[in-house]
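Residues per chain, in single letters:
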Amino acid sequence: MNPDLRRERAAASFNPELLTHILDHGPQNTRRRREIENLILNDPDFQHEDLNFLTRSQRYEVAVRKSATLVKKIREFGISDPDEIMWFKNLHRINFVDPVSLNFSMFIPTLLNQATRAQQEKWLHPAQELEIIGTYAQTELGHGTHLRGLETTATYDPETQEFVLNSPTVTSIKWWPGGLGKTSSHAIVLAQLYTKGKCYGLHAFIVPIRELGTHKPLPGITVGDIGPKFGYDEMDNGYLKMDHYRIPRENMLMKYAQVKPDGTYVKPVSNKLTYGTMVFVRSFLVGESARSLAKACTIAIRYSAVRRQSEIKPSEPEPQILDFQTQQYKLFPLLATAYAFHFVGKYMKETYHRINEGIGQGDLSELPELHALTAGLKAFTSWTTNSAIEACRMACGGHGYSHCSGLPNIYVTFTPTCTFEGENTVMMLQTARFLMKSYEQAQSGKLVCGMVSYLNDLPSQRIQPQQVAVWPASVDICSPDSLTEAYKLRAARLVEIAAKNLQTEVSHRKSKEVAWNLTSIDLVRASEAHCHYVVVKLFTEQLLKIQDKSIQTVLRNLCLLYSLYGISQKAGDFLQENILTGSQITQVHQRVKELLTVIRPDAVALVDAFDFQDVSLGSVLGRYDGNVYENLFEWAKSSPLNKSEVHESYYKYLKPLQSKL
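Residues numbered from 1 in each chain as written. Predicted model: local features only at pLDDT ≥ 70, side-chain atom pairs only at ≥ 80, totals over all residues. Heavy atoms only, no water.

Q: Quick question: what am I supposed to make of the overall build of the chain here?
A: For the chain, the helix and strand inventory stands at 24 helices and eleven strands. The C-alpha atoms of the chain give a radius of gyration of 27 Å, which matches the 26 Å a tight globule of 661 residues would have. With respect to the three principal axes, the spread of C-alpha positions in the chain is 90 × 85 × 60 Å. For the chain, the residues scored as buried account for 54% of the 661 residues in total. (Helix = DSSP H or I, 4+ residues; strand = E, 2+ residues; numbered from the N terminus. Rg over C-alpha atoms; globule rule 2.2 N^0.38 Å. Buried < 20%, exposed > 50% of the residue type's maximum accessible area, 1.4 Å probe, protein only.)

Q: Quick question: what am I supposed to make of the pairing of strand β3 (residues 162-166) here?
A: Residues in a regular strand project their side chains so that they alternate between the two faces of the sheet. Of all the five residues making up β3, four are buried; the element is thus mostly covered by neighbouring parts of the structure. Examined bridge by bridge, strand β2 (residues 153-157) and β3 share five bridges and lie antiparallel to one another. By the bridge assignment for β3, Thr 153 is matched with Asn 166. The sheet contact formed by β3 and strand β9 (residues 245-248) spans four bridges and is antiparallel. Bridging across to β9, Glu 162 finds its partner in Pro 248. (Pairing = 2+ DSSP bridges.)

Q: Is there a simple way to think about the pattern of salt bridges in this case?
A: One side chain can pair with another of opposite charge once the charged atoms of both are near each other. Per the stated rule, a full pass over the model turns up 33 salt bridges. Arg 59 is paired through a salt bridge with Asp 233; the nearest N and O atoms lie 3.9 Å apart. With Arg 59 in helix α4 (residues 56-77) and Asp 233 in the loop between β7 (221-225) and β8 (238-242), this residue pair connects regions lying 174 residues apart in the sequence. Owing to a relative accessible area of 9%, Arg 59 belongs among the buried residues under this scheme. Asp 233 gets classed as partly exposed once you look at its relative accessible area, which sits at 23%. Between Arg 302 and Asp 608 there is a salt bridge; the shortest N-O distance is 2.9 Å. (Salt bridge = Lys/Arg side-chain N within 4 Å of Asp/Glu carboxyl O.)

Q: How should the sheet that holds β7 be read in this particular structure?
A: Either a parallel or an antiparallel arrangement is found when strands of a sheet pair, and the pairing is made through backbone hydrogen bonds. Ordered by their spatial adjacency, three strands build an open sheet running β4-β8-β7, and the pairing between neighbours is antiparallel. In the strand order of this sheet, the two ends are held by β4 (174-175) and β7, each with one partner. In this structure, β4 lies alongside β8, joined through two bridges in antiparallel fashion. Residue pairing for β8: Lys 174 is matched across the bridge by Leu 240.

Q: Teacher, can you tell me more about the packing of helix α9 (residues 325-360) against helix α18 (residues 549-569) here?
A: Helix-helix packing: each pair is described by the crossing angle between the helix axes and the interaxial distance. In contact at an axis separation of 9 Å, α9 and α18 are set at 110° when each is read in the N-to-C sense. Accordingly, the angle class assigned to the pair α9 and α18 is roughly perpendicular. Every pair of crossing elements has a handedness; the one defined by α9 and α18 is left-handed. Seen from α9, the contacting residues are Tyr 329, Phe 332, Pro 333, Leu 335, Ala 336, Thr 337, Tyr 339, Ala 340, Phe 341 and Phe 343; seen from α18, they are Leu 555, Leu 558, Leu 561, Tyr 562, Tyr 565, Ser 568 and Gln 569. Its residues assigned to classes, the contact of α9 with α18 shows 14 nonpolar, three polar and no charged. (Axes fitted to C-alpha atoms, helices over the stretch in contact; angles between N-to-C directions. Parallel < 35°, antiparallel > 145°, perpendicular 65-115°, else oblique. Left-handed = near helix turned anticlockwise from the far one by under 90°. Contact = heavy atoms within 4.5 Å. Nonpolar A, V, L, I, M, F, W, Y, C, P; charged D, E, K, R; others polar.)

Q: So what exactly am I meant to see when it comes to the packing of aromatic side chains here?
A: Pairs of aromatic rings are described using the distance from one ring centre to the other and the angle between the two planes. The full count for this structure, using the stated rule, is 15 aromatic pairs. Taking the centre distance of 4.1 Å and the plane angle of 25° together, the rings of Tyr 200 and Tyr 265 count as stacked. Within this pair, whereas Tyr 200 is found in strand β6 (residues 198-208), its partner Tyr 265 is found in strand β11 (residues 265-266), the two being separated by 65 residues in sequence. Among the residues examined, Tyr 200 registers a relative accessible area of 30% and is labelled partly exposed. With a centroid separation of 6.3 Å and 65° between ring planes, the pair formed by Phe 341 and Phe 380 is classed as edge-to-face. Residue Phe 341 is found in helix α9, and its partner Phe 380 is found in helix α10 (residues 367-395); the two are separated by 39 residues along the sequence. (Phe/Tyr/Trp six-rings, centres within 6.5 Å; stacked < 30°, edge-to-face > 60°.)

Q: Looking at this structure, how should I read the environment of Glu 84?
A: The topology assignment puts Glu 84 in helix α5 (residues 82-93). Judged by relative accessible area, Glu 84 falls into the buried class, the value being 15%. Not counting chain neighbours up to four residues away, the residues in contact with Glu 84 comprise Arg 32, Ile 36 and Ile 79. A polar atom in the side chain of Glu 84 sits 3.0 Å from the side chain of Arg 32. (Polar contact = N/O pair within 3.5 Å; in protein donor to acceptor, adjacent residues only side chain to side chain.)

Q: How should I be thinking about unusual backbone geometry in this particular structure?
A: Peptide bonds are, in most cases, trans, and in most cases residues other than glycine have a negative phi. Of note in this structure, Lys 196 is not a glycine but carries a positive phi near 55°. Tracing the sequence through the fold places Lys 196 in the loop between β5 (186-195) and β6. A positive phi angle, close to 65°, is found at Asp 611, a residue other than glycine.

Q: In this structure, what is going on with a nonpolar patch on the surface? I would like to understand it.
A: Taken together, the side chains of Tyr 653, Leu 654 and Leu 657 present a nonpolar region at the surface, about 380 Å² in accessible area. Within the secondary structure layout, Tyr 653 lies in helix α24 (residues 648-654). (Patch = residues over 30% accessible without salt bridge, like charges linked within 9 Å, V, L, I, M, F, W, Y side chains within 5 Å. Areas by Shrake-Rupley, 256 points an atom, 1.4 Å probe, with all protein chains shown as cover.)

Q: I would appreciate a short explanation of the pairing of β8 in the present structure.
A: Taking every second residue as pointing to the same face, the buried face of β8 carries Gly 238, Leu 240 and Met 242, while none of Tyr 239 and Lys 241 on the other face is buried. Across five bridges, the pairing between β7 and β8 is antiparallel. Bridge assignment links Asp 225 to a residue of β8, and that residue is Gly 238.

Q: Before we go on, may I ask you to explain the packing of helix α15 (residues 480-507) against helix α17 (residues 520-543) in this structure?
A: Packing of α15 against α17 leaves a shortest axis separation of 8 Å and a crossing angle of 160°. Considering their axes alone, α15 and α17 lie roughly antiparallel with respect to each other. Two packed elements cross with a definite hand, and for α15 against α17 that hand is left-handed. Of α17, the residues touching α15 (which contributes Pro 480, Asp 481, Thr 484, Tyr 487, Lys 488, Arg 490, Ala 491, Leu 494, Val 495, Ala 498 and Asn 501) are Asp 522, Leu 523, Arg 525, Ala 526, Ala 529, His 530, His 532, Tyr 533, Val 536, Lys 537, Thr 540 and Leu 543. When the residues that make up the contact of α15 with α17 are grouped by side-chain class, the tally is twelve nonpolar, five polar and six charged.

Q: Looking at this structure, I do not really get the side chain of Thr 351. What am I missing?
A: By the secondary structure assignment, Thr 351 is in helix α9. For Thr 351, a relative accessible area of 7% gives the class buried. At 2.7 Å, the side chain of Thr 351 forms a polar contact with the backbone oxygen of Tyr 347.

Structure below.
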């Protein structure tokens, strides 16, 4: 063990094991998760090659092999609980992408949410056993988040009782679905439904794309891999072109909307039910944001405790770079954010399942807010995490640039989250639509519920000029509850500003659509403020559930740091809306610096509590034992370029230039 890390752990004010139990929702879950992880770590079939030294084709092949092994082992070990399967997959995958992942994350959930019982009996078991492998084909070459613009058509033919699927233009070719290029045998395809000469909008269809047994594309299907990307080298993101391709009527997912044999269309109770899979994935991605950021923070903070450089006092030994205030300011707010997002992810998971159960019983009352909250929080957390991972990489200096740090892999694997399952700006605008509707309801005297209930108090929150000093004086910057109120007021004010600006644009005789575009910056700003408030609120509420005083203290410090750092970064909003005074903002900046000093002794223990195994981090810099430099050297020596003392290119190209030597 590196002596610096040993000292860091000995100096911690709390037992990280107890915090791990909280993150796992109980010691029994921690115990079971570690049992599953050890099954993998002790199994020779799960020994990992270093993917950094493989070609893309090799990485894809390794990933497919591991995916197949994963399914076999899950069966062999008798793992069936969804959370346990996720633990198994997370350690198994490390920092690479699973080519069959969409079968489990989108294809099967869509069957569960949108297929009839008869359709589930036909398709579900084969998909679960990988007898068929499914993906989810929504995005097209010319359209992504704007679903109404998708061009793929599914025209019902009552004579044969078939749907004819067609890609009528180049831009209608399905583009980007994971696992589509080479892996999947089936796809759930979203297409514009036509029956009896009328278009009824997007609906989902189960489409066989490859022949079972030979895996060759079926007649009428053109399918392949879209090529190298920024990352995701193991994933065969693909394209799909359909040429008047026929499927049976029964292949339309008909739990909600239906097409009768004669072509009669039966509409669903709510159009939003069609997007259930997207809502599920977005809620899941909030937790993935927390996990990816926690990994990046673990690597950067452990390395910062090991790395010694420069000097604070002349002639003294080089200090740990974690002792520099600037390094703490880079990393500790991100650590606090990782914890905040963890609790938000837990809330979103529980909320999704609770509301989904209600939907199954016909209660759609909370569906609009669920749709808005998953869209906004997916955008808010992924934007934040994306920039935070890069900040962690740069905080590791030059070594962070090397793949051995693990940070480049974490970044390129996570960054697509900002655009897939809905481009983030569009997601924020979807949340804004819900906020505007809620604002209008509140203004008309109707009580709104859920996370937007603060809009009910808007009339009483309006501060007259002579009252400006009343609200700021009541803000206690050392109280998480008081800071939550400040964030709530900021959200209410920015929602109201956006709503009034929108109304002004509409009153200028502009169409609602034009007015919406001309107000979109304000609308995104309001959505971000709403999401920020939700995160602060949920983190603060989590503190009340903690029994252990030492854990409650350290989490309270993180909660305060998260909240105060957010205010310091958005100080203009709090000043402009008279929520805080200039002197209070100065106090906020000072308190942030004080919290850095308070959190410093616990920083390593806080990342230890995430409980990532070394193999899961995939990082030389983030090793638990801190033995970085010797392992950096060993990693470099394993580069394929070092297999020979002199590379063949020397003899081919350089030596002829040196013929006189």
